[in-house]
Amino acid sequence: MADQITTLEELSAVAGVESPAAEELTPREPVRDELGRSYATGKRKDAVARVWIKPGSGKVEVNGKELNKYFARPVLQMILRQPFQVAGVEDQFDVYATVKGGGLSGQAGAVKHGISKALQLYDPSLRGALKAAGFLTRDSRVVERKKFGRRKARRSFQFSKR
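Residues numbered from 1 in each chain as written. Predicted model: local features only at pLDDT ≥ 70, side-chain atom pairs only at ≥ 80, totals over all residues. Heavy atoms only, no water.

- Looking at an unreviewed UniProt entry, one finds the chain named Small ribosomal subunit protein uS9, with Tritonibacter aquimaris as its source organism.
- On record in UniProt, under Sequence similarities (unreviewed entry), the comment for the chain is "Belongs to the universal ribosomal protein uS9 family." (UniProt positions renumbered as here; feature names shortened; annotations may be inferred.)

In structure tokens, the structure reads:
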């Protein structure tokens, strides 16, 4: 077997297909509406957040309330600021979000996911940093359903031998 194929380039040459490295990769285009905003939907547990971002002074409004009024706990406020810190654009964007469903922790995670997606749509160069931090991936963990014949999802009734 003298003509054995050992690399992907040799295989693509034999198949007559151009390799992906050879063709020009088109850069991502910013996605903005006529008002200069970017929109994205974020999800976490049962919460769904609709998020709009636009250049501004760093004001965050969730369901018509200020950030520190809606998310009173500092941990939840920190969660919302993480995408801006990772991307290095703190206090450069105003955020307007509406969120429904779930509890406060799930809602904070949903808004964070939406902010991350909207940031990478507004400025595609931020995608690498946000993706490396894992902010563009939807956290798919949800509450396990209760099973019949049990007290909770996994908790069984107390066993009685006699």
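Some points on the overall build of the chain
(1) Moving on: The helix and strand inventory of the chain stands at five helices and five strands.
(2) Moving on: When the helices and strands of the chain are read in sequence order from the N terminus, they spell out α-β-β-β-β-α-α-β-α-α.
(3) Moving on: The globule rule puts the C-alpha radius of gyration for 162 residues at 15 Å, and the 23 Å found for the chain is more than 25% above it.
(4) Moving on: Split into buried and exposed, the 162 residues of the chain put 31% on the buried side.
(5) Moving on: Of the contacts made within the chain by residues no fewer than 6 positions apart, 66% connect residues no fewer than 24 positions apart.
(6) Moving on: Surface accessibility of the chain: about 11400 Å² in total, with carbon and sulfur atoms responsible for 52%. (Helix = DSSP H or I, 4+ residues; strand = E, 2+ residues; numbered from the N terminus. Rg over C-alpha atoms; globule rule 2.2 N^0.38 Å. Buried < 20%, exposed > 50% of the residue type's maximum accessible area, 1.4 Å probe, protein only. Contact = heavy atoms within 4.5 Å. Areas by Shrake-Rupley, 256 points an atom, 1.4 Å probe, with all protein chains shown as cover.)

Brief notes about the environment of lysine 59
(1) Moving on: Among the structural elements, lysine 59 can be located in the loop between β2 (47-55) and β3 (60-62).
(2) Moving on: What makes lysine 59 partly exposed here is its relative accessible area of 42%.
(3) Moving on: In the structure, lysine 59 is positioned 53 residues away from lysine 112 in sequence and 15 Å away in space, judged by C-alpha atoms.

A closer look at the packing of helix α3 (residues 74-87) against helix α4 (residues 104-122)
For any two helices packed against each other, the geometry comes down to the angle between their axes and how far apart the axes lie.
(1) Moving on: Look at α3 against α4: their axes get within 8 Å of each other, and the N-to-C directions meet at 10 degrees. As the angle between them shows, α3 and α4 are arranged roughly parallel. Here Leu76, Ile79, Leu80, Gln82, Pro83 and Phe84 of α3 come into contact with α4, specifically with Leu104, Ser105, Ala108, Gly109, Val111, Lys112, Ile115, Ser116 and Leu119.
(2) Moving on: Tallied by class, the residues present in the contact of α3 with α4 amount to 10 nonpolar, four polar and one charged. (Axes fitted to C-alpha atoms, helices over the stretch in contact; angles between N-to-C directions. Parallel < 35°, antiparallel > 145°, perpendicular 65-115°, else oblique. Nonpolar A, V, L, I, M, F, W, Y, C, P; charged D, E, K, R; others polar.)

Quick notes on a nonpolar patch on the surface
(1) Moving on: On the surface, Ile5, Leu8, Leu11 and Val14 cluster together into a nonpolar patch covering about 410 Å² of accessible area.
(2) Moving on: Mapped onto the elements, valine 14 comes out in helix α1 (residues 8-15).
(3) Moving on: For valine 14, a relative accessible area of 62% translates into the label exposed. (Patch = residues over 30% accessible without salt bridge, like charges linked within 9 Å, V, L, I, M, F, W, Y side chains within 5 Å. Salt bridge = Lys/Arg side-chain N within 4 Å of Asp/Glu carboxyl O.)

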